Amino acid sequence: MKHPDISPQPRSIMIVSQRDSFAQAIGEALPASENTTIIRQNETFRAMNGRAVSLAFDHDVVIFDADPDDQGEIRAVRDLLAQRTGDTVFLAITDNDISLVQARQLRKIGIDEVLPLSIDSDGLAAVVSETLDARRAPQQITHDAPPALGQVIPVTQARGGIGSTTVAVNLACSLAKTRKSLFRKATRNRVVIVDFDLQFGNANVFLDLEDNGGLLQLIDATDAPDDRFVGSTLQRHALGFDVLCAPGPVIPLQSLRADLIRAMLDILQRQYDYIIVDLPRAVVDWVEPVLKRAAHLVLVTDTSVPCVRQAKRLIDLYGEDNVGLPVQVVINRDRKPMLRSDHIREAEKLLDTRFDHWLPDNPRLARRAVDLGRPVAAMKPGSDLGKALRKLGAVISATQQNANRKNV
């Protein structure tokens, strides 16, 4: 029996720029190796003229220095991309202050990703790998079953300030890890966190990101969003997942609509393995599409009587939209007891679940993580709080893997 080749797939990368510093920086971020060939082209696409097709499409990835104000060069790239028939990935790197309109124009002509000059080497490497995987994915299908849609995981809380955003960003960090299997090379889980807490959302603060106005653009758009529009609103985090920030200004809760949520989830579930949704601190009708598609509900609470009662109300309410929805109850700021008290047993009985996730109270570490804009699961994974947060991600990941095996 001939065994499949499971060695890393070779790739060829072409860097296009007249600036030596640009080519050097990209080369350092993506160094040449046994499986990676780097080619540098010290001229513009416009200067290549008819040679661009044979030069560019012989490579897996083309990374180029993009100036959206250089209309002649942009037209040359557009004309080149119009002739693309293979899987070559085009990544444009631009100034950090590029406008959303300019970024969308670049995406419309066929550029796969528009990245800022400030992106770090880990972020660039992740974008290259994930974009290549996405383009090559159809060649990896080995059976006739439809591709699995990404898991929607809403995160909510029994009271304000209990830490649902902390759980959401750390869950995204924990799930965006390398996955391996016998017949496929290591790849990252594709994860996006969507902050739908319109009035108090601050997931971007926990991740040291500034709101790019993407969600407001989606809300204001008159037409249903397409893949490129939704993609242009997302921001890549250095830890390997994408983020849709809550709006910077306070806007009415009813600004979102159920039809927009459904359209967005249609797109995100095709592109990501996990969609983490940070829900608002209110009950609104447009949450229904999120709950109907949810694979898990993560509910953050403490064990006080008011919080447990509110948790029960939320579980009952959300269960009306998704009967049998699995609920992962997360007890925050409380270490798991050696012996369960009568109070804990009564709370578990009321919520009809066992409390398996306990996040110890570590205010100094939690505060430092927020101040630095780094999730605890990445900054201090070996700490008591880091281990507890990573365990939640491991449980959800294992549940998906078991479901996938049953569906094969």
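Residues numbered from 1 in each chain as written. Predicted model: local features only at pLDDT ≥ 70, side-chain atom pairs only at ≥ 80, totals over all residues. Heavy atoms only, no water.

*Asks:* What should I look at first to understand the overall build of the protein chain in this one?
*Replies:* Along the protein chain, the regular secondary structure elements total 17 helices and 15 strands. Within the protein chain, the proportion of its 408 residues that are buried is 49%. Considering only residue pairs separated by 6 or more positions, the protein chain has 75% of its internal contacts joining residues 24 or more positions apart. Surface accessibility of the protein chain: about 20300 Å² in total, with carbon and sulfur atoms responsible for 49%. (Helix = DSSP H or I, 4+ residues; strand = E, 2+ residues; numbered from the N terminus. Buried < 20%, exposed > 50% of the residue type's maximum accessible area, 1.4 Å probe, protein only. Contact = heavy atoms within 4.5 Å. Areas by Shrake-Rupley, 256 points an atom, 1.4 Å probe, with all protein chains shown as cover.)

*Asks:* It is not clear to me how the sheet that holds strand β15 (residues 357–359) should be interpreted in this structure. Could you clarify?
*Replies:* Hydrogen bonds between backbone groups are what pair the strands of a sheet, and the pairing can be parallel or antiparallel. The strand order β10-β11-β9-β12-β6-β13-β14-β15 describes an open sheet built from 8 strands, whose pairing is mixed. Lying at the two open borders of the sheet, with one neighbouring strand each, are β10 (235–236) and β15. In this sheet, strand β14 (residues 327–332) lies alongside strand β13 (residues 297–301) in parallel orientation, the contact comprising 5 bridges. When the bridges of β14 are listed, T301 appears paired with I331. (Pairing = 2+ DSSP bridges.)

*Asks:* I tried to follow the side chain of N189 on my own but got confused; where do I start?
*Replies:* By the secondary structure assignment, N189 is in the loop between β8 (184–188) and β9 (191–195). The class for N189 is buried, based on a relative accessible area of 5%. Within the structure, N189 has its side chain in polar contact with the backbone oxygen of L175 (distance 2.8 Å). (Polar contact = N/O pair within 3.5 Å; in protein donor to acceptor, adjacent residues only side chain to side chain.)

*Asks:* Please explain the packing of aromatic side chains as it appears in this structure.
*Replies:* Working definition: an aromatic ring pair is given by the centre-to-centre distance plus the angle between the planes. Following the criterion strictly, the structure yields 4 aromatic pairs and no others. On the basis of an interplanar angle of 80° and a centroid distance of 5.9 Å, the ring pair of F196 and W286 is categorised as edge-to-face. You can see F196 sitting in the loop between β9 and α8 (203–206) and its partner W286 sitting in the loop between β12 (274–278) and α12 (288–293), a full 90 residues away along the chain. Measuring from ring centre to ring centre gives 6.3 Å for F355 and W358, while their planes differ by 70°; the resulting arrangement is edge-to-face. Both residues of the pair, F355 and W358, count as buried. Sitting over the ring of F229, R104 keeps its end group 4.0 Å from the ring centre. (Phe/Tyr/Trp six-rings, centres within 6.5 Å; stacked < 30°, edge-to-face > 60°. Lys NZ or Arg CZ within 6 Å of the ring centre and 35° of its normal.)

*Asks:* Help me understand the pattern of salt bridges, please; the structure alone is not making it clear to me.
*Replies:* Pairs can form between side chains of opposite charge once their charged atoms are near each other. For the structure shown, the criterion picks out 20 salt bridges. One salt bridge connects E113 with R107, and the closest N-O pair in it is separated by 3.9 Å. For E113, a relative accessible area of 26% puts it in the partly exposed group. Take R107: its relative accessible area is 11%, and that puts it in the buried class. Residue D384 is joined to R335 by a salt bridge in which the shortest nitrogen-to-oxygen separation is 3.1 Å. (Salt bridge = Lys/Arg side-chain N within 4 Å of Asp/Glu carboxyl O.)

*Asks:* I tried to follow the confidence of the model for the protein chain on my own but got confused; where do I start?
*Replies:* Detailed reading of predicted coordinates is not advised where the pLDDT is low. Per-chain confidence: the protein chain averages 85 in pLDDT, with 89% of residues scoring 70 or above. Per-element averaging of pLDDT across the protein chain places strand β7 (residues 178–181) at the bottom with 50 and β12 at the top with 97. For residues 1–7, every residue scores under 50 in pLDDT, and the model assigns this stretch 3 contacts once sequence neighbours within four places are set aside. Across residues 180–185, confidence stays below pLDDT 50; counting only partners more than four residues off in sequence or on other chains, it has 10 contacts. (pLDDT = per-residue confidence, 0-100.)

*Asks:* Help me out: how do you make sense of the packing of helix α13 (residues 305–319) against helix α14 (residues 342–351) in this one?
*Replies:* When two helices pack together, you describe them by how their axes are tilted relative to each other and by the distance separating the axes. Between α13 and α14, whose axes approach to 9 Å, the crossing angle comes to 15°. Relative to α14, the element α13 lies roughly parallel. Note on packing geometry: the crossing formed by α13 with α14 is right-handed. Contacts from V305, V308, A311, K312 and I315 of α13 reach α14 at H343, A347, L350 and L351. (Axes fitted to C-alpha atoms, helices over the stretch in contact; angles between N-to-C directions. Parallel < 35°, antiparallel > 145°, perpendicular 65-115°, else oblique. Left-handed = near helix turned anticlockwise from the far one by under 90°.)

*Asks:* How should helix α7 (residues 164–175) be read in this particular structure?
*Replies:* Since the α-helix advances by 3.6 residues per turn, residues separated by three or four positions end up pointing in the same direction. Between its first and last C-alpha atoms α7 spans 16 Å; for 12 residues at 1.5 Å apiece the expected length is 16 Å, and the two agree. With 11 of its 12 residues buried, α7 lies for the most part within the structure. Taken together, the buried positions of α7 are occupied by S164, T165, V167, A168, V169, N170, L171, A172, C173, S174 and L175. (Expected span 1.5 Å × (residues − 1).)

*Asks:* What should I look at first to understand the sheet that holds strand β5 (residues 113–116) in this one?
*Replies:* Here we have 5 strands laid out as an open sheet, ordered β2-β1-β3-β4-β5, and parallel in their pairing. The sheet terminates laterally at β2 (36–41) and β5, the two strands that pair on one side only. Taking each pair of neighbouring strands and ignoring which way they run, the sheet shows an average axis angle of 20°. Both strand β1 (residues 11–16) and strand β3 (residues 61–65) contribute to a ladder of 4 bridges, which runs parallel. Of the residues in β3, the one forming a bridge with M14 is V62. Sheet contacts for helix α1 (residues 20–29): β1, β2, β3 and β4 (89–94); angle to β1, the most-contacted strand, approximately 155°.

*Asks:* Even after reading the chapter, I still don't get the nonpolar core, so can you show me in this structure?
*Replies:* A general feature of soluble globular proteins is that nonpolar side chains tend to end up buried together. Core analysis: the largest hydrophobic core is formed by 50 residues, its most contacted members being F196, L256 and I275. Listed in part, the 37 residues of the second largest apolar core include C173, L209, V243 and L365. (Core = buried A, V, L, I, M, F, W, Y, C linked by side-chain atoms within 4.5 Å.)

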